[in-house]
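Examination of the molecular architecture
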Amino acid sequence: MAQQRKQPDSEKLSCSICLDLLKDPVTTSCGHSYCMDCIKTHWDGEDKKGIYSCPQCRKTFTPRPVLEKHVLLAELVEELKKTGLQDAAADLCYAGPEDVSCDVCSGRKLKAVKSCLFCLVSYCEQHLQPHYDVAQLKKHQLVEPSKNLQENICSCHDEVMKIFCLTDQQLICYLCTMDEHKGHETVSAAAERMKKQKELEVSRLNVQQRIQDRQKDMELLQQELEAISVSADKTVGDNEKMFSEMIHLLQNRRRDVEQQIRCQQKTEASRVKELQEKLEQEIRDLKRKDTEMKQLSDTPDHIQFLHNYPSVSALSESTHSSSIIIRPLRYFEDVTAAVKELRDHLQDILRGTWTNISLAITEVDVLLSEPETRAGFLKYSTEITLDPNTAHRYLLLSEKNRKVELTGQDQCYADHPDRFTDYCQVLSRESLTGRCYWEVEWRGEGKRVRVAVAKNNICRKGDLHECVFGQDDKSWSLRCNAGSYTFWHNNTETPVSGPLSSRIGVYLDHRAGILSFYSVSDTMTLLHKVQTAFTEPLHAGVGLCCFFDTAELHPTRIIPVSEDQFMFSPDLSS
């Protein structure tokens with residue numbers, strides 16, 4: 001009973017206006033109590049009426065009552081405050097459901113302040129004191145309170161696991177080395193932790209580098225987004241000016257062009273923003289992984305470190321290529337050019353010019369990165385045939401002009417100004433713009449081939465520096481020999497390293513100025529990449545050097561291996 005009298009009910013000592021404990025309590029004649037300031041403020045609001053009421057029972061008073069501090073209530077409030085603070089202080093010392101409790105305390109257990117990795121016991125401040133006073137106990141390793149101490153005990157022998165079995169990659173106790181792990185290669189847990197610690201630091205550096213790469217990608221994407229918007233706005237303005245000159249004929253078409261531009265702008269901006277969100281999420285995930293690694297790295301308990309290392313150190317595959325390719329394009333200027341043509345040819349408006357405008361708009365396409373799998377490249381697969389009018393007389397074309405062989409015999413081709421006369425080369429019939437991908441498979445005793453792209457105005461006869469693929473500034477050539485690769489352009493040779501293969505993949509993004517050569521086998525490896533500006537259409541080219549060597553163009557045929565093998569490999573030539 002005495003204990004109950006020392007703990008008054010806090011709700012009964014609370015002000016019904018501010019809902020807090022009474023401050024300078026006063027009581028009205030109707031028996032209700034309030035803080036003096038609260039009831040005065042309440043009555044000040046009623047002062048204009050001259051009638052004052054109790055906020056609880058609504059009893060009215062006239063004139064305004066004179067209030068004095070209720071001494072007894074004030075003492076009870078002070079007593080409640082002191083009792084509450086003492087109870088709170090005591091509660092802070094006792095272990096709650098989420099706390100680590102002292103293993104030594106009997107009855108209601110206090111919070112543990114340290115755990116001993118030698119004793120495998122958690123101690124409150126009082127029971128921990130011997131570890132500071134006794135010489136033998138001072139050697140024990142103390143860590144922050146842990147609920148997982150029992151995980152350090154071998155389930156078979158009830159001994160502390162201080163040994164790491166390299167054979168089975170698991171923690172064991174000394175008795176395990178004489179039992180099921182007898183003869184296995186073992187090291188101390190501390191030594192293994194030191195090794196794993198170094199590996200973890202390398203992984204952290206990798207994560208941090210990936211964060212930096214993604215942040216750089218975010219910056220590039222933001223620049224791309226702004227460039228798309230500026231280009232689109234400028235194009236809309238130019239269209240407005242030109243269409244105003246022919247408004248009586250083309251008003252409806254002008255609205256259609258503007259709508260398509262805005263729709264394409266929205267589509268491309270949406271793609272960029274979607275990738276931004278993915279990068280932001282990956283950055284957040286990487287930062288969270290970095291924090292987990294940091295926490296694990298700072299763990300003093302090497303056994304706990306080894307327990308948690310496999311799950312924490314594992315890195316998920318990146319959801320995105322580490323490179324963002326921003327193409328140096330004028331996004332919608334082609335639309336302006338097409339509109340200008342339309343203005344100059346009003347009589348053709350209903351026949352074909354409108355198709356050119358619409359096509360120019362839809363071709364605005366932000367390539368955020370190159371394809372990463374062979375399936376991705378094959379989306380741009382291009383049907384290419386070789387042009388007999390360009391083939392040297394010793395070259396035999398077959399397989400619907402997709403295969404060429406160096407025979408050494410005159411094929412009796414008719415004279416043609418496009419024919420190569422001095423070197424055994426041939427160009428494609430098709431001119432290449434946009435994005436294209438094709439593959440060249442080469443075979444024969446000599447195994448020497450030039451896989452090339454060239455401008456149509458490359459010289460067809462003359463000396464080495466005038467017409468051989470890669471020797472001038474009008475062609476780019478990957479020379480494939482039996483044991484090596486070299487890249488040639490403008491008579492400059494660049495050694496190329498990479499896995500040898502009889503199949504070469506060629507990827508061309510004409511607008512972006514990208515030309516890439518790949519070794520295609522069980523994997524797809526980038527051999528060499530060119531970044532330049534192509535100002536006119538290009539043609540695929542093939543050059544042979546040894547009799548009976550052959551080269552065949554394969555635009556769509558897939559080598560029968562699993563698709564997941566065709567992952568992008570780093571550029572080995574840089």
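As a starting point, this report considers the structure included with it. As the structure is a computational prediction, the values presented were derived from the model and not from experiment. (Residues numbered from 1 in each chain as written. Predicted model: local features only at pLDDT ≥ 70, side-chain atom pairs only at ≥ 80, totals over all residues. Heavy atoms only, no water.)

1. Notes on the pairing of strand 18 (residues 492–496)
- With 5 bridges connecting them, strand 17 (residues 485–489) and strand 18 associate as antiparallel partners. Bridged to Thr486 within strand 18 is Pro495.
- Connecting the antiparallel pair strand 17 and strand 18 is a turn made up of 2 residues, with Asn490 showing a positive phi of about 55°. (Pairing = 2+ DSSP bridges. Helix = DSSP H or I, 4+ residues; strand = E, 2+ residues; numbered from the N terminus.)

2. A word on the side chain of Arg210
- With respect to the secondary-structure elements, Arg210 resides in helix 7 (residues 189–245).
- Apart from residues no more than four positions distant in its own chain, Arg210 is found in contact with Glu282, Leu286, Leu315, Ser316, Glu317 and Ser318. (Contact = heavy atoms within 4.5 Å.)

3. Focus on the nonpolar core
- Residues Leu171, Ile261, Phe332 and Val335 are the most contacted members of the largest nonpolar core, which totals 49 residues.
- Elements supplying a minimum of two residues to this core: strand 8 (163–165), strand 9 (170–172), helix 7, helix 8 (247–297), helix 9 (302–313) and helix 10 (333–344).
- Ranked by the residues each element gives to this core, the list is headed by helix 7, at 12 residues.
- By size, the runner-up hydrophobic cluster in this structure holds 38 residues, among which are Val506, Phe517, Phe534 and Ala551. (Core = buried A, V, L, I, M, F, W, Y, C linked by side-chain atoms within 4.5 Å. Buried < 20%, exposed > 50% of the residue type's maximum accessible area, 1.4 Å probe, protein only.)

4. Re unusual backbone geometry
- Of the consecutive residues Thr62 and Pro63, the connecting peptide bond is found in the cis state with omega at 0°.
- Turning to its location among the elements, Pro63 is positioned in the loop between strand 4 (60–61) and helix 3 (71–93).
- Phi is positive for Gln169, which is not a glycine, with a value near 55°.
- The topology assignment puts Gln169 in the loop between strand 8 and strand 9.

5. Considerations on the sheet that holds strand 16 (residues 475–480)
- Strand order in the open sheet made by the 6 strands is 13-22-15-16-17-18, with antiparallel pairing throughout. Two strands in the sheet have a free side with no partner beyond their single neighbour: strand 13 (425–427) and strand 18. With strand direction ignored, the average angle separating the axes of adjacent strands in the sheet is 20°. (Axes fitted to C-alpha atoms, helices over the stretch in contact; angles between N-to-C directions.)

6. Quick word on helix 9
- Every buried residue of helix 9 is listed here: Ile303, Gln304, Phe305, Leu306, Tyr309, Val312 and Ser313.
- Where helix 9 starts, the residue carrying a side-chain oxygen 3.0 Å from the main-chain nitrogen of Ile303 turns out to be Asp301. (Polar contact = N/O pair within 3.5 Å; in protein donor to acceptor, adjacent residues only side chain to side chain.)

7. So, the packing of aromatic side chains
- Evaluation of the coordinates by the stated rule reveals 11 aromatic pairs.
- Measuring from centroid to centroid gives 5.8 Å for Phe420 and Phe469, while their planes differ by 80°, and the two rings are edge-to-face. Of the two residues, Phe420 is situated in the loop between strand 12 (403–406) and strand 13 and Phe469 in the loop between helix 13 (464–467) and strand 16; the sequence distance between them amounts to 49 residues.
- Here the aromatic rings of Trp476 and Phe534 are separated by 5.3 Å at their centres, their planes lie at 90°, and the arrangement is edge-to-face. With Trp476 in strand 16 and Phe534 in the loop between strand 21 (524–531) and strand 22 (538–544), the pair connects residues that are 58 residues apart, well separated along the chain. For the pair shown, Trp476 and Phe534 are each scored as buried.
- A cation sits over an aromatic face here: Arg193 above Phe305, 4.2 Å from the ring centre.
- A cation sits over an aromatic face here: Arg479 above Trp488, 4.3 Å from the ring centre. (Phe/Tyr/Trp six-rings, centres within 6.5 Å; stacked < 30°, edge-to-face > 60°. Lys NZ or Arg CZ within 6 Å of the ring centre and 35° of its normal.)

8. A word on a nonpolar patch on the surface
- A cluster of nonpolar residues, Tyr394, Phe547 and Phe548, forms a patch on the protein surface that exposes about 340 Å² of accessible area.
- Tracing the backbone shows Tyr394 in the loop between helix 12 (374–378) and strand 11 (395–398). (Patch = residues over 30% accessible without salt bridge, like charges linked within 9 Å, V, L, I, M, F, W, Y side chains within 5 Å. Areas by Shrake-Rupley, 256 points an atom, 1.4 Å probe, with all protein chains shown as cover. Salt bridge = Lys/Arg side-chain N within 4 Å of Asp/Glu carboxyl O.)

Keep in mind that these numbers describe shape and distance, not what the molecule does.
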